[in-house]
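Analysis of the macromolecular model
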Amino acid sequence: SFEVVAQRSGKAVQVAEGQTIIDALATVGIKVEISCEQGVCGTCLCDVLEGEPDHRDVYLTDDEKAANDQILVCCSRAKSKKLVLDI
Ligand code: FES
């Protein structure tokens, strides 16, 4: 598991294995707009302020993935223990 921090509210939540970031955020009342839930459409794109995403989408280009400053929270996860998102 890893921790996701929503910078604007300061709320933090653990994301369990088999749980999406979207689902984890919902448990603390943070809603991110979603559509495809498969990493295809880009609707759930969030800016990453800290931490290293584990990109599981097919939306971002390889360069964008390597920059580690954006994440699609419907399907991607974290390689670091903690991700801070600009939400
Ligand atoms: Fe479509 Fe996340 S909801 S990429």
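See the structure above.
The following paragraphs examine the structure supplied in this document.

Parameters and conventions
Residues numbered from 1 in each chain as written. Predicted model: local features only at pLDDT ≥ 70, side-chain atom pairs only at ≥ 80, totals over all residues. Heavy atoms only, no water. Pairing = 2+ DSSP bridges. Helix = DSSP H or I, 4+ residues; strand = E, 2+ residues; numbered from the N terminus. Axes fitted to C-alpha atoms, helices over the stretch in contact; angles between N-to-C directions. Buried < 20%, exposed > 50% of the residue type's maximum accessible area, 1.4 Å probe, protein only. Lys, Arg positive; Asp, Glu negative; His and termini not counted. Salt bridge = Lys/Arg side-chain N within 4 Å of Asp/Glu carboxyl O.

1. Looking at the sheet that holds strand β7 (residues 82–85)
- Spatial strand order, β2-β1-β7-β3-β5: five strands in an open sheet with mixed pairing. Taken across any chain shown, the strands that pair with only one partner, and hence form the sheet edges, are β2 (11–15) and β5 (70–72). Shown here is a sheet whose adjacent strand axes are inclined to one another by a mean of 40°, direction ignored.
- Bridge analysis of strand β1 (residues 2–6) against β7 gives four bridges, and the strand direction is parallel. When the sheet's bridge partners are listed, Val4 is paired in β7 with Leu83.

2. Section: the pairing of strand β3 (residues 45–50)
- Pairing between β3 and β5: three bridges, direction antiparallel. Each residue of the ladder has a partner; that of Asp47, found in β5, is Gln70.
- Both β3 and β7 contribute to a ladder of two bridges, which runs antiparallel. Among the inter-strand pairings, Glu50 is bridged to a residue of β7, identified as Val84.

3. Structural notes on the pairing of β2
- Across five bridges, the pairing between β1 and β2 is antiparallel. Bridging across to β2, Glu3 finds its partner in Gln14.
- Here β1 folds back onto β2, and the loop between the two strands holds four residues, one of which, Gly10, carries a positive phi near 80°.

4. A look at the side chain of Arg77
- If you trace the backbone, Arg77 turns up in strand β6 (residues 77–78).
- Of the side chains bearing the opposite charge, Glu17 lies closest to the buried Arg77, which forms no salt bridge; the N-O distance is 4.9 Å.

5. Here we look at the environment of Ala67
- For Ala67, the location among the structural elements is in helix α2 (residues 62–67).
- Given the relative accessible area of 47%, Ala67 is considered partly exposed.
- Considered as a pair, Ala67 and Thr27 are 40 residues apart in the sequence and their alpha carbons are 29 Å apart.

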